[in-house]
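# Tertiary structure, described
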Amino acid sequence: MKVEAFRRLLDAYGGDPKRWPGKRRQAALALLEISAEAREAQAEACTLDCALDRLAPPVESRRVARLLSTVIEETRAIASSGPIIIPDPIDPWWWRSAAILGAAACLGFLIGFTVLNGPVPVQTARVDVFNLGMGPLVRLEQ
Amino acid sequence: MPASVDPEEGSGAEDDEALMRRVAAGDHPAFQALARRHFHRTLLLAERMMGRRVDAEEIAQETFLRIWQHAGRWRPSLGKLNTWLYRVTVNLCLDRLRRPRDLHLDLMEDAEDPGVDTERQVAAQEMSRRVAAAVAELPGRQRAALVLCYHQELTNAEAAEVLAISVWALEALLVRARRTLRSKLKTLGEDLGETR
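Report follows, based on the coordinates. The shown structure was predicted, so the numbers you read here are calculated from the model rather than taken from an experiment.

## Observations regarding the overall build of chain A
A count of helices and strands for chain A gives six helices and zero strands. Ordering the α and β elements of chain A from the N terminus gives α-α-α-α-α-α. The buried share of chain A, taken over its 142 residues, is 28%. Accessible area for chain A stands at about 9,700 Å²; split by element, carbon and sulfur atoms hold 66% of it.

## Looking at the overall build of chain B
Looking only at helices and strands, chain B features nine helices and zero strands. In chain B, the succession of α and β elements from N to C terminus is α-α-α-α-α-α-α-α-α. Expressed as a percentage of the 196 residues in chain B, the buried residues total 52%. Taking the contacts inside chain B whose residues are at least 6 apart along the sequence as the reference set, 71% of them involve residues at least 24 apart. A total accessible area of about 9,200 Å² is found for chain B, and carbon and sulfur atoms account for 50% of it.

## Observations concerning empty space enclosed by the protein
This structure, assessed with the given rule, holds three cavities of 30 Å³ or more. If you add up the space inside the second largest cavity, you get close to 50 Å³. Among the elements of the structure, helix 1 (3-13) of chain A together with helix 6 (140-151) and helix 8 (167-184) of chain B are those that each provide at least two residues to the lining of the second largest cavity. Among the elements that line the lining of the second largest cavity, the one with the most residues is helix 6 of chain B, at three residues.

## Things to note about the environment of Arg63 of chain A
Tracing the backbone shows Arg63 of chain A in helix 4 (residues 61-80). Look at Arg63 of chain A and you get buried, because its relative accessible area is 6%. Once residues within four sequence positions are removed from consideration, Arg63 of chain A is found in contact with Leu43, Glu47, Arg53 and Glu57 of chain B.

## Focus on the pattern of salt bridges
Evaluated as defined, the whole model comprises 22 salt bridges over all chains. A salt bridge links Asp11 of chain A to Arg179 of chain B; the shortest N-O distance between them is 2.9 Å. Taken together, the residues Asp11 of chain A in helix 1 and Arg179 of chain B in helix 8 connect one chain to another. Judged by relative accessible area, which is 42%, Arg179 of chain B ranks as partly exposed. Among the salt bridges present, the one from Arg178 of chain B reaches Asp49 of chain A, with a minimum N-O distance of 2.9 Å. Placement of Arg178 of chain B in helix 8 and of Asp49 of chain A in helix 3 (residues 36-53) is noted, with the two residues assigned to different chains. There is no split in this pair, since Arg178 of chain B and Asp49 of chain A are both buried. Taken together, the shared-partner salt bridges in this structure form one network comprising Arg63 and Arg66 of chain A together with Glu47 and Glu57 of chain B.

## Some points on the interface of chain A and chain B
Contacts between chain A and chain B engage 45 residues on the former and 53 residues on the latter. The junction of chain A with chain B conceals about 4,600 Å² of combined surface from both sides, 61% of it contributed by carbon and sulfur atoms. Sorting the residues of chain A by area buried against chain B places Asp11, Arg54 and Leu55 of chain A first, and these three jointly supply 16% of that buried surface. On the surface where chain A and chain B come into contact, there are ten salt bridges. Across the salt bridge formed by Glu171 of chain B and Arg24 of chain A, the nearest N and O atoms sit 2.7 Å from each other. Across the chain A-chain B interface, the total number found is 18 residue pairs in polar contact (both at pLDDT 80 or more). Taken together, the residues that form the side of chain A that touches chain B break down as 24 nonpolar, five polar and 16 charged.

## Thoughts on the packing of aromatic side chains
Overall, the coordinates contain three aromatic pairs over all chains when judged by the stated rule. Between the aromatic rings of Phe6 of chain A and Trp20 of chain A, the centroid separation amounts to 5.7 Å while the plane-to-plane angle is 85°, which identifies the pairing as edge-to-face. Placement of the pair is Phe6 of chain A in helix 1 and Trp20 of chain A in the loop between helix 1 and helix 2 (22-34), with a sequence separation of 14 residues. The residues Phe6 of chain A and Trp20 of chain A share a single accessibility class, namely buried. Over the aromatic face of Tyr150 of chain B sits the side chain of Arg19 of chain A, whose NZ or CZ is 3.6 Å from the ring centroid.

## Observations concerning the environment of Met49 of chain B
With respect to the helices and strands, the residue Met49 of chain B is situated in helix 2 (residues 28-50). Ignoring any residue separated from it by four or fewer positions in sequence, one finds Met49 of chain B in contact with Cys93, Leu94, Leu97, Gly140, Arg143, Ala144 and Val147 of chain B.

The rules behind each value
- The numbers attached to residues start from 1 for each chain and follow its sequence in the written order.
- Naming scheme: in the order in which they are written, chains are lettered from A and ligands are numbered from 1.
- Local features in this predicted model are restricted to residues whose pLDDT is 70 or higher, and side-chain atom pairs enter the listing and the counts only when it is 80 or higher, whereas totals over whole chains, interfaces and linings include all residues.
- Only hydrogens and water are set aside; all other atoms, that is, all heavy atoms of the structure, feed into the side-chain values.
- A run of H or I in DSSP counts as a helix once it spans at least four residues, and a run of E counts as a strand once it spans at least two, with each numbered from the N terminus.
- Burial classification: accessible surface area is computed with a 1.4 Å probe over protein chains only, and a residue below 20% of its type maximum counts as buried, one above 50% as exposed, and the rest as partly exposed.
- Using a 1.4 Å probe, the Shrake-Rupley method yields the accessible areas, and only the shown protein chains count as cover for residues.
- Note on definitions: a residue-residue contact is assigned when non-hydrogen atoms from the two residues lie within 4.5 Å.
- In this analysis a 1.4 Å probe is tested at points of a 1 Å grid over the protein atoms alone, and where it fits but cannot get out there is a cavity; an open set with protein on both sides within 12 Å along at least five of seven lines is a pocket; lining residues have an atom within 4 Å of a point.
- Grid points are joined across faces, edges and corners, and a volume is the space filled by probe spheres set on the points.
- What makes a salt bridge here is a side-chain nitrogen of Lys or Arg within 4 Å of a carboxyl oxygen of Asp or Glu, nothing more.
- Buried area: the sum, over both parts, of the accessible surface (1.4 Å probe) that disappears when the two are put together.
- Under the rule applied, a polar contact is a pair of N or O atoms within 3.5 Å (in protein, one hydrogen donor and one hydrogen acceptor; residues adjacent in sequence only if both atoms are side-chain atoms).
- By the convention adopted, Pro, Cys, Tyr, Trp, Phe, Met, Ile, Leu, Val and Ala count as nonpolar, Lys, Arg, Asp and Glu as charged, and the other residues, Gly among them, as polar.
- Between the rings of Phe, Tyr and Trp (Trp by its six-membered ring), a pair exists once the centres lie within 6.5 Å; its type follows the angle of the planes, with under 30 degrees stacked, over 60 edge-to-face, and the other angles tilted.
- Sitting over a ring, as applied to charges here, requires NZ of Lys or CZ of Arg to be within 6 Å of the ring centre and within 35 degrees of the ring normal.

Now the structure itself:
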């Protein structure tokens with residue numbers, strides 16, 4: 001590994017070898033043994049690591065317990081008021097129900113359409129077809 | 001260094017999987033066990049993302065409410081439960097960070113060390129505030145990348161999975177985040193030397 005690549009590694013993961021991705025860790029450690037420049041860059045990165053450590057104050061266990069009990073109570077209240085069924089798009093049961101409903105809707109539409117636009121009486125149909133095709137001719141004859 | 005790990009944690013993925021199956025079936029004791037195992041780290045993640053306790057508490061609680069309501073959606077094939085949990089948390093955080101808000105950060109208020117004298121304590125607090133403010137100014141996804149890799153101790157592959165991006169994209173976010181922080185806190189080395 002070259003120093004530039006090492007600097008990129010430090011820029012991403014900081015100065016602690018524990019955080020370096022496994023594949024590059026060995027090469028980086030080997031570089032550290034022979035390069036003073038790399039060691040200096042690592043020290044600089046560790047300064048920022050120290051600063052970031054300040055963002056990690058411990059969370060008091062009493063506070064965690066209080067929040068946790070609130071969550072448990074809220075979910076228990078939801079549970080006692082009956083299950084909430086949220087459709088799961090991956091669940092085959094949901095797909096089956098949706099397919100049955102869809103098929104029923106299509107069938108209903110087809111039946112309704114057929115009833116409303118039912119078969120036209122044969123005589124009327126013949127006249128209509130004749131009028132469509134020969135309309136102007138009939139009128140001329142009159 | 002990374003925060004302490006919840007002693008109740010330490011379960012394997014199989015345990016989580018079995019619990020989640022029970023939670024999906026409406027088993028509330030299983031949900032309680034799961035919440036006890038994962039709530040602590042979820043709260044830590046939300047706190048580091050948001051910088052405000054009130055927001056973090058609401059988000060951690062909302063995350064677990066969603067687990068209770070949507071447990072049936074999780075599949076082992078989607079990845080470890082931790083990853084899913086962090087994804088829900090990070091998405092809630094990013095969503096909230098998009099809303100306009102004041103920049104008051106209260107994460108550091110109780111991080112005092114009673115062992116150091118007042119002057120050093122004030123300087124240390126000031127430094128903590130500067131760091132928290134600099135992190136709070138980072139774009140949400142850069143902040144998420146930093147918190148997941150640095151504080152939550154996820155591997156780069158796990159953090160990339162949480163953010164639904166490639167490892168290279170994650171690394172780019174980390175580089176940008178750390179470079180920004182370094183330039184904002186360039187006098188930090190000297191100041192840290194004084195307060196350490």
